[in-house]
Every structure is written in C-alpha cells, then in structure tokens.
Amino acid sequence: MKLQSITLENFRQFAGRQSFGLDSDNTRPVTLIFGANGSGKTTLLNAFTWALYGGFSDDVEQQDRLVTDAIWRSTPIGQSVDVSVEVKFSHDDRSYRLLRTATLRKESDHQQRAIPVVQLWATTPDGASEEINAPQEMINTILPQGVSRFFFFNGERIENLVKKEAYAEVQKDIKVLLDLEQVERALTHLPKVDRKLSADLRKNGGERAGQIQEEIDELNDRQEDAKKRRSVLESEVASLNAERERVLELLRENADAAPIQQRRDQVEQELVEAQRAYESAVTDRATLIATRGFLAFTDVLASDTKEMAEDLYRRGALPAPLKREFVDDLLEKKVCICGTELTEGSDSWRHVQNWRHQAGLQAVETAWQKLAGNVDELESTRASLRSDLSGIAKRIGDEHDRVDRLIAEKSELDGKLRGSRREDVQSLEGKHMELLDMIRAKEQQVGSAKGEIERLAKDIEAKTRERSKAEVTDELALKARARLDLVQSVKKALTEILEIRATDMRNRLDKELKEVFATITHQSHVPTLTEKFELTLHKLVNGVELPVPKSTGENQILSLSFVAAVSKLAREIRTERRAEEQTSVDAGTYPIVMDAAFGSLDEDYQEAVARALAKMAPQLVVLVSKSQGMGKVITELMPYVSNLGVLETHTTAQGEVADDIEINGTAYPYIRSSDTDRTELKVIL
Amino acid sequence: MTERTRTEKDVIGALSDEERALLKRVLEIERAKLHLSAYDGTDDILAAVKGIIP
C-alpha cells in the first residue's frame, strides 16, 4: 500500500475541500507536515483511519463533531452538510480510490452521530476500473484494522503496542500481513474437500478400501473433536487468566491488600527470573560436562602416562623420526641415502657420522617435551574444569536458594492475604486461588488434548498409507483415491509451510527488532520477541539474562523498533519466492503515518529514530510541531523529503497570536488571527 | 537435512507437479477471497482438484 493523496472535506478543523499529495519514491520516502498544537495533526492522522475504518483513536475528543464547527454554525437548520475523506493509494499493482462520506442534516446546534458510507474503486494496470462490492472487507484485506496500529499511530501513545494485553491481538493481526492467513484458511477448507472426495471412495472403493476409508473418517472425526476441545479449553484458560488478572487488579486497588499484592507481584516476577536463571545454570553445567567432563577422569591417566613416558625417556625408547640404527646401516654400507659414497674420513662420512650422534637423542628430546607439555596442559585444563564446575555449582546453589527464598516469601504473602482480617481481601484471595487451581487443571487438559491430536494424526497417516496400497478395481474409486492422496499431500505440505512461515516470521522479526533497537538506543539492553509474541527487554549480567523495567521512553523506542521491523519484514516476505509466486513490485509495502512521532524522547533518540525510520519505511508521513521537528529531526529527515506541508492554524483567539515557521530560510505562516477557527493544509514542496 | 531445517522451497521442491499445481491453486483461491470472511473455499478447491485429476 502506497499513499498517493488525501482530500478532506469539512472534516473537523479542515473547512471546505483541501487536498495534499503524498506521492513519494524510494530515495525520498518522507512527507513532513508541520502544525502547531491544536492545528489538526491528530485529526489528519485520524482522517486516514476514519477513511479506512470509519473510527477515531481514543484520544480524539468530541468524536461526534465531524463537521467543521464554523461550517456547521453557518448551515441553516434543516439543511445538510457533506463531510468526507478521500484517500488515493496503490496496492499490488492496482490503484484505489477510497471515499468515506457522511451527510449530516442540521436539526440543532449539536451534531448528531453520523452514519458514514464507504466506497472503494480499483483500477488495474490496463486501465479497467470497477467499484468493489465489499469495500470494507477489501480494505481489511489490504490492511487489517488491527495491523493498522503499526502504520498509523500517535508517537506519544505508541508504547501501548507493547503492553501485555496487546500481544494476542498483535499476533493475530500480523498473520495477514506476513502471509499466514491464507495458509490457515486453506487448512480449514482442505479437510472438507477431503470429506467430499472420501464419500466417492466409500461408495465405489470395494470392501477393503471402503472399510479403510471409514476408519480414516472416524479418526478424522475424533481428531476434529479433539481440536475443538483444545480450542475451547484454550479460550477457557485465556478467560480464566483474564479473570485472574481482574481479581489481582482489585487486590492492587484495595488499600489493605495493595502493599502485599505489590510485593507479591514483584516476588512472582523475580521467581520467574530465578527459576529461569536456575534452569540456565543447570543447562550450562550439562553443557560443560558434555563437552569437557571427560577431563575429570584424566587425573590417573595423566600421571600414569607421564610416569611411563619418563621411564621411556630415560631409556631413550620414545619413538623418534630418525633412528640411530638407520644411520649405522648407511655407514656400514658406505653409501648415503642420496647416493654419495661414504669413505671413512671423508667430509660426507663425517657429516653422516654427526647425524649418528644426534639421531634419536634430539628426536627423543622433542617428543618428550611435546608429551610432557600435553600432560601438563591436561592438568591445567582439569584445574580450570574444576573451577568452572565449582563456579556453576555455586550459581546453581545460589539460584536454588533464591528460588526457595522467593517461594517461601510468596507463600508467606499468600498466607497474609488469605488470612486477612478484611473479608473482602480474604474472599478476593480465595477467588484468586480457586482460579489458579482451575487454570492448572485446564492447562493439563489442553496438554492431553494436544497429545491426542498428535496420536490421531499419526494413526491417520498410517491408515492413509494403507489406503494407498489397498486393492481397488473400480475406475471411479481409483480416481477418488488419487484425488484424496493429492489433497492429503497438499494438506501435509501446507501444514509444514505454516509452521515454517510462523517460525521464520518470529525469528526474523526478532532479529530485525534487535538490529533496529541497537541502532537507536545507547543502552546495552537487548529486546526479544518471545514465542508467545511478547516483547521483552533484558540485559546480560555475568552471562545471566535479567529483565529490564521499561520506561515510557524505552517502550516508545521498543515499539518504534518493532514497527520498523514489521514494516521491513512485510516487504521482504512478500517479495521472496514463495508458494504463491507473487510478482507485484510494491508487494508488502505499507506507509508509516506518525503524529507526534518523537513524543517525549531525548534529542539524541529523536535523531536516531528519525534516521532509522527514514531508512526503513518505504513511505513515511511525519506530523510534527515546530518544537518537535525543527532541530535534529528536520536535519535527519530533510534529505529524504518528497513533500513538505504546513497546517496553517487560523484562530479566533485574542491578542498577538501570529507566528511563522522558517523552513530552508523561508518564513511561512504558522498561526494567523481569523474570524473563524479552522486549519488550512498548505503545500510547501 | 533434518525435518526442522527444511525451508518452504524444500517443501515445494519435494512435491510432484500435480501436488505443486494444487498447492499454488489453493493459495491463489484463498488469497483472492481473503477479504470475505464468510467465504468457504471447499467447492472451489474441489473443482481445482478435479481439474488436475479429471
């Protein structure tokens, strides 16, 4: 999706009809729009999302006042006003015109809630144009509403993206963006195809194949039941967890329970960390033993070897490359190995005679030194193994003690809440414990359902193989079996592709996230996207990963890094060669539209974030105030800017309010006195 | 190569021509109707199967 233009008509502060071009290319992907506080930056951001989805973000006040106040006031009672936002964009080789309009009939000074209508037209590269029948569904395919949070956002509120309650939604929405959704949908439809084809085989397949097919059908039914059961159980676990979180929230808000609950929250978090550190230490010990453990058994071996070698050395019996007997043989035969005659007393004879003295002795010396060195080294390696092992043993012991101490403290805190004199606290804690028991029981059932699904999958596979081998004579049945085998193979391949894509997606997002985050922050913190799609931040202390409490600024940087990573990955994934064989030039391209992009970040961070986003986003629309954007941000972004604009504020406020903004040496009106409150969207570049 | 290190390309490469054709067709069908949440691709996929093995 690449934005081409936006046109607003009587939309909030934007009176009349106002357009702004957003076309940009890869070398200059940035559109920069300045506006004073209250000028309509947030409104402009919301104009995009209103056009796309028909709603505003929570931070927009008076959401029903859709029509510009001045226009509404000047409209006579009984007459109507049109309000609309039109967004033109391209996506997957097609151009789209999206128009959301509402017509409001004035019945009083108060604006009633509007019921907007959305229309969408698509034009293909050959010029054919059509109106899309299900426009909202199509928009949700191009950019699902949930996913839009990555691309249209308020920088000051972006940390919401990494809040715990957002993870499940983020994970779900991102599937569409990263090409997982169609695979999942295919996997729900293929079994139904399978079922229709198997009816043909049952009917015409003869006794044996028909019987096997019935068995497969029964296994499929059981597997389907188990899957449904697992799905129900998983959502039950999720709602029990949500209920537990609500109970904990009540405990946190209760004046008597709050200090205890807060401490319990801390202890629980530390306990998770301590358990992780303990497990990591145990793993480290196992790795050490597996790779260097054999050294522990070399004590006697080394001393015996050394003793034996010393004896051999004393006797000159260690193997040597040049043997004295060999030299004696040459002297006796009076011919050197090179053919020279060895006449007694000649130079050649003396030369070889010298070798006779050296042979054996020097080689023995060398061999001995080498062996002695190796044996000594073995001893020092053993010593370092011992010290490493005792270091790890200490770590294991310490972490074990920490786990024990935290469990004891947690039990104590549980007891305090359970035994509280306040009945409300007591009952909340009772409820909490009851929910915990239920969650554990449900999780066990989820595990057993998963096991059953896996067992049934194996049985189905075995029966399918049996079906392929069973004798079938009827032509229709043969065809049905071939079709079933085909569907089965494709289902298997798609299941594998889904797993590969999901793992690959998470790993690559994690890698991108780490890279982007490292370019922005000067802290040594490392972000991770966990298997559950949680964004965590940690640092390494003596080889142990410790969580870092995230500040608002850090959450903003983490979120912006995640946005940049998602944007980059969506583009990469769609342009790679995959089963769909897509070829679209701008496949996977999405714009990033940010209001107050640099929020409360320090200037250094503003600079780094601006640089990272300008380089990573294929299209970037930044809405900033003079104070946020005129320093390092504009310096970083200017080389990448295609479109430059100012939201010119016209205000009825009294006094000397006029203000200008100076861009590239030219002053432009920023705020002006007026007889009506409105904003004009001025194009500078 | 172990099962875990297989790539999407490996999976596609291991399929027969017929299987690869159906895989591509199934994904095309699903992708084209991704915006219609009520769409059930069963009949379209069944037709694709019968098109490949007539």
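Since the structure is predicted, the reported quantities are computational estimates derived from the model, not experimental observations. (Residues numbered from 1 in each chain as written. Chains lettered and ligands numbered in written order. Predicted model: local features only at pLDDT ≥ 70, side-chain atom pairs only at ≥ 80, totals over all residues.)

Colleague: How should the confidence of the model for chain B be read in this particular structure?
Modeller: Do not read the predicted coordinates in detail wherever pLDDT is low. Across chain B, the average pLDDT comes to 86, with 93% of residues at 70 or higher. Taken together, the chains of this predicted complex give a pTM of 0.65 and an interface ipTM of 0.93. (pLDDT = per-residue confidence, 0-100.)

Colleague: Would you explain helix α1 (residues 41-53) of chain A in this entry?
Modeller: Because each turn of an α-helix spans 3.6 residues, side chains separated by three or four positions in sequence point in the same direction. All names here are of chain A. The end-to-end C-alpha distance of α1 is 18 Å, a good match for the 18 Å that 13 residues give at a rise of 1.5 Å each. α1 sits mainly inside the fold: 12 of its 13 residues count as buried. For α1, every residue scored as buried is listed here: K41, T42, T43, L44, L45, N46, A47, F48, T49, W50, A51 and L52. Phi turns positive one or two residues past the end of α1, at G54, with a value near 85°. (Helix = DSSP H or I, 4+ residues; strand = E, 2+ residues; numbered from the N terminus. Expected span 1.5 Å × (residues − 1). Buried ≥ 20, exposed ≤ 12 C-beta atoms within 10 Å, placed from the backbone.)

Colleague: Would you take a moment to explain the interface of chain A and chain B for this structure?
Modeller: By convention, interface size is frequently given as the accessible area that disappears when the constituent parts associate. The interface is formed by 31 residues belonging to chain A together with 28 residues belonging to chain B. Contributions of two or more residues to the side of chain A that touches chain B are made by α3 (135-142), α6 (181-204) and α14 (475-520) of chain A. Per-element tally for the side of chain A that touches chain B: the top contributor is α14(A), with 13 residues. Residues of the side of chain A that touches chain B, tallied by class, amount to 14 nonpolar, 5 polar and 12 charged. (Contact = placed C-beta atoms within 7 Å. Nonpolar A, V, L, I, M, F, W, Y, C, P; charged D, E, K, R; others polar.)

Colleague: So what exactly am I meant to see when it comes to the nonpolar core here?
Modeller: Burial of nonpolar side chains together is a common tendency in soluble globular proteins. Grouped together as the largest cluster of nonpolar side chains are 96 residues, with contacts concentrated most on A:V609 and A:L613. Not counting chain neighbours up to four residues away, the residues in contact with A:V609 comprise A:I520, A:I557, A:L560, A:F598 and A:L601. Residues A:L201, A:A209, A:L484 and B:A48 belong to the second largest nonpolar core, which totals 28 residues. (Core = buried A, V, L, I, M, F, W, Y, C linked by C-beta atoms within 7 Å.)

Colleague: Would you mind going over the packing of α6(A) against α14(A) with me for this structure?
Modeller: Each pair of packed helices can be described by the angle between their axes along with the distance between the axes. All names here are of chain A. As a packed pair, α6 and α14 sit with axes 9 Å apart at the nearest point and diverge in direction by 160°. In terms of axis orientation, α6 runs roughly antiparallel to α14. In the packing of α6 onto α14, the handedness of the crossing is left-handed. Split by residue class, the contact of α6 with α14 holds 16 nonpolar, 3 polar and 7 charged. (Axes fitted to C-alpha atoms, helices over the stretch in contact; angles between N-to-C directions. Parallel < 35°, antiparallel > 145°, perpendicular 65-115°, else oblique. Left-handed = near helix turned anticlockwise from the far one by under 90°.)

Colleague: Explanation requested: the pairing of strand β3 (residues 30-35) of chain A in the structure shown.
Modeller: Consecutive side chains along a regular strand alternate between the two faces of the sheet. Residues and elements named next belong to chain A. Taken across its 6 residues, β3 has 6 buried, putting it largely inside the fold. Burial of β3 is two-sided: the residues V30, L32 and F34 facing one way and the residues T31, I33 and G35 facing the other way are all buried. Sheet analysis places β3 next to strand β13 (residues 619-624), joined by 5 bridges and oriented parallel. Residue pairing in the sheet places F34 in a bridge with V624 of β13. (Pairing = 2+ DSSP bridges.)

Colleague: Got a minute to help me understand the environment of A:I396 in this structure?
Modeller: Residue and element names in this part refer to chain A. Relative to the helices and strands, I396 is located in helix α12 (residues 361-418). Owing to 18 C-beta atoms within 10 Å, I396 belongs among the partly exposed residues under this scheme. Residues I396 and R285 lie 111 residues apart in sequence; the distance between their C-alpha atoms is 8.8 Å. Among residues more than four places away in sequence, those in contact with I396 are Y278, A281, V282 and R285.

Colleague: Honestly, the sheet that holds strand β5 (residues 94-105) of chain A in this entry has me stumped. Any pointers?
Modeller: What holds strands together in a sheet is hydrogen bonding between their backbones, with the strands either parallel or antiparallel. Residue and element names in this part refer to chain A. Judged by pairing direction, the sheet is antiparallel, and its 6 strands sit side by side in the order β2-β1-β4-β5-β6-β7 without closing on themselves. The sheet is open, and its two edges are formed by β2 (14-21) and β7 (129-131), each paired on a single side. Each strand axis lies, on average, 15° off the axis of its neighbour in the sheet, ignoring direction. Relative to β5, strand β4 (residues 80-91) is paired through 12 bridges, and the arrangement is antiparallel. Across the sheet, residue E86 finds its bridge partner in β5, namely L99. Docked against the sheet, α1 engages β1 (2-11), β4 and β5, running at close to 90° with respect to β4.

Colleague: In this structure, what is going on with unusual backbone geometry? I would like to understand it.
Modeller: Most peptide bonds adopt trans geometry, and most residues besides glycine take a negative phi value. Residues and elements named next belong to chain A. Its identity as a non-glycine residue notwithstanding, N10 has a phi of 50°, on the positive side. Tracing the sequence through the fold places N10 in strand β1. Of the residues examined, N10 has 23 C-beta atoms within 10 Å and is grouped as buried.

Colleague: How should the packing of helix α2 (residues 17-32) of chain B against helix α3 (residues 42-52) of chain B be read in this particular structure?
Modeller: All names here are of chain B. At their nearest, the axes of α2 and α3 sit 10 Å apart, and the two run at 155° to each other. Here α3 runs roughly antiparallel to α2, going by the angle between their axes. Between α2 and α3 lies a crossing whose hand is right-handed. Of the residues in α3, those touching α2 at E18, A21, L22, R25, V26 and I29 are D44, I45, A48, V49 and I52. A breakdown of the residues in the contact of α2 with α3 according to their chemical character gives 8 nonpolar, no polar and 3 charged.

Colleague: Just to check I follow, could you spell out α3(B) for this structure?
Modeller: For α3(B), the complete set of buried residues consists of B:I45, B:A48 and B:V49. An end-on view of α3(B) places all buried positions within 100° of arc, on one side of the element. Seen from the open side of α3(B), the exposed residues pointing more than 90 degrees away from its buried face are B:D43, B:K50 and B:G51. For α3(B), the secondary structure elements touched by its buried residues are α6 and α14 of chain A together with α2 of chain B. (Arc of directions from axis to C-beta.)

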